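One-letter residues, chain by chain:
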Amino acid sequence: MIRTRLLIMGAVVASTAIVLTGSPATADPVTAAGQSAAKPPRGMVEAMQRDLGLTAEQAEARLANEARAMRTEPKLRNKLKDRFGGSWVTGTGALVVATTDAAATADITAAGAQAKVVARSLAELTAVKDKLDKASAHAASVPLWYVDEVANVVVVAARDTAAGEAFVAASGADRAAVRIETTTEQPTPCTTCAAATRTTSTAAPAAPSASR
């Protein structure tokens, strides 16, 4: 799953699908036949200008890049299989695909994405998080844990470092794959977010998305 690192505010942005075709995006994307691709709704562009401080051209280019990334990422994920290390979209809309295999970077860049070589596959990170999920009974002082694909670790946010260490130890998860952070926040359970569980613990709401 692509984790967009810069959140777009406003319901109009979140709820409107963008359909763009063609080669690498520009401010005025063009299809292979030379026809202008459908532009995003004006309200969406205006919301991005307001919330992200972008110009209209920057907003359109970013939306085109993100739409292209959504088409490219599944293909690369399937091609890399167990070498896939995660993916995210940068603040400019560029797709980054991580892999544990340096030899696969050529395939990633050939597909139009940026490649990053990482130590752990997404499957390995997910397995670490799964162990933490199963140890949730020991998470009284650990309100949140999630996979951070950009950092290639599982983040455990605890009231204090000792509580985080105790939780990880109780889970049997690979300590080297975990980064413990301290937090004073208490997430509020979301009763409508059952589907959004891939990057969050069963004891917490959806994981925060840093600024894909």
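Now for a look at the structure at hand. (Residues numbered from 1 in each chain as written. Predicted model: local features only at pLDDT ≥ 70, side-chain atom pairs only at ≥ 80, totals over all residues. Heavy atoms only, no water.)

## Quick look at the overall build of the protein
Helix and strand counts for the protein stand at six helices and seven strands. Scanning the protein from its N terminus toward the C terminus, one meets helices and strands in the order β-α-α-α-β-β-α-β-α-β-β-α-β. Of the roughly 10700 Å² of accessible surface on the protein, 55% is carried by carbon and sulfur atoms. (Helix = DSSP H or I, 4+ residues; strand = E, 2+ residues; numbered from the N terminus. Areas by Shrake-Rupley, 256 points an atom, 1.4 Å probe, with all protein chains shown as cover.)

## Regarding the side chain of Thr99
Summarising the element assignment, Thr99 is placed in strand S3 (residues 95–99). A distance of 3.1 Å separates the side chain of Thr99 from the backbone nitrogen of Asp101, its partner in a polar contact. When residues no more than four places from it in sequence are discounted, the contact partners of Thr99 are Leu80, Arg83, Gly85, Ala104, Thr105, Ile108, Lys116, Val117 and Val118. (Polar contact = N/O pair within 3.5 Å; in protein donor to acceptor, adjacent residues only side chain to side chain. Contact = heavy atoms within 4.5 Å.)

## Some remarks on the environment of Ser141
Mapped onto the secondary structure, Ser141 falls in the loop between helix H5 (122–134) and strand S5 (144–148). Residues Ser141 and Gly164 lie 23 residues apart in sequence; the distance between their C-alpha atoms is 7.7 Å. Leave out the neighbours within four places in its chain, and Ser141 touches Ala158, Arg159 and Ala163.

## Comments concerning the nonpolar core
Residues Val97, Leu132, Val142, Trp145, Val156 and Phe167 are the most contacted members of the largest nonpolar core, which totals 29 residues. Elements with a minimum of two residues in this core: helix H3 (56–80), strand S2 (84–89), S3, H5, S5, strand S6 (153–158), helix H6 (161–171) and strand S7 (178–182). The element contributing the most residues to this core is H5, with four residues. Apart from the residues lying within four places of it in its own chain, the contact partners of Val97 are Leu76, Leu80, Phe84, Gly86, Ser87, Ile108, Ala113, Gln114, Ala115 and Lys116. (Core = buried A, V, L, I, M, F, W, Y, C linked by side-chain atoms within 4.5 Å. Buried < 20%, exposed > 50% of the residue type's maximum accessible area, 1.4 Å probe, protein only.)

## Thoughts on the packing of aromatic side chains
All chains considered together, the criterion is met by one aromatic pair. Here Trp145 and Phe167 contribute two aromatic rings whose centre-to-centre distance is 4.8 Å and whose plane-to-plane angle is 55 degrees, an arrangement assigned as tilted. Linking Trp145 in strand S5 with Phe167 in helix H6, this pair joins segments that are 22 residues apart in sequence. (Phe/Tyr/Trp six-rings, centres within 6.5 Å; stacked < 30°, edge-to-face > 60°.)

## Observations concerning the environment of Leu125
Along the chain, the position of Leu125 falls in helix H5. Note: C-alpha distance between Leu125 and Tyr146 (21 residues apart in sequence) is 9.3 Å. Setting aside residues no more than four positions away along its own chain, Leu125 makes contact with Arg120, Val147, Asn152, Val153 and Val154.

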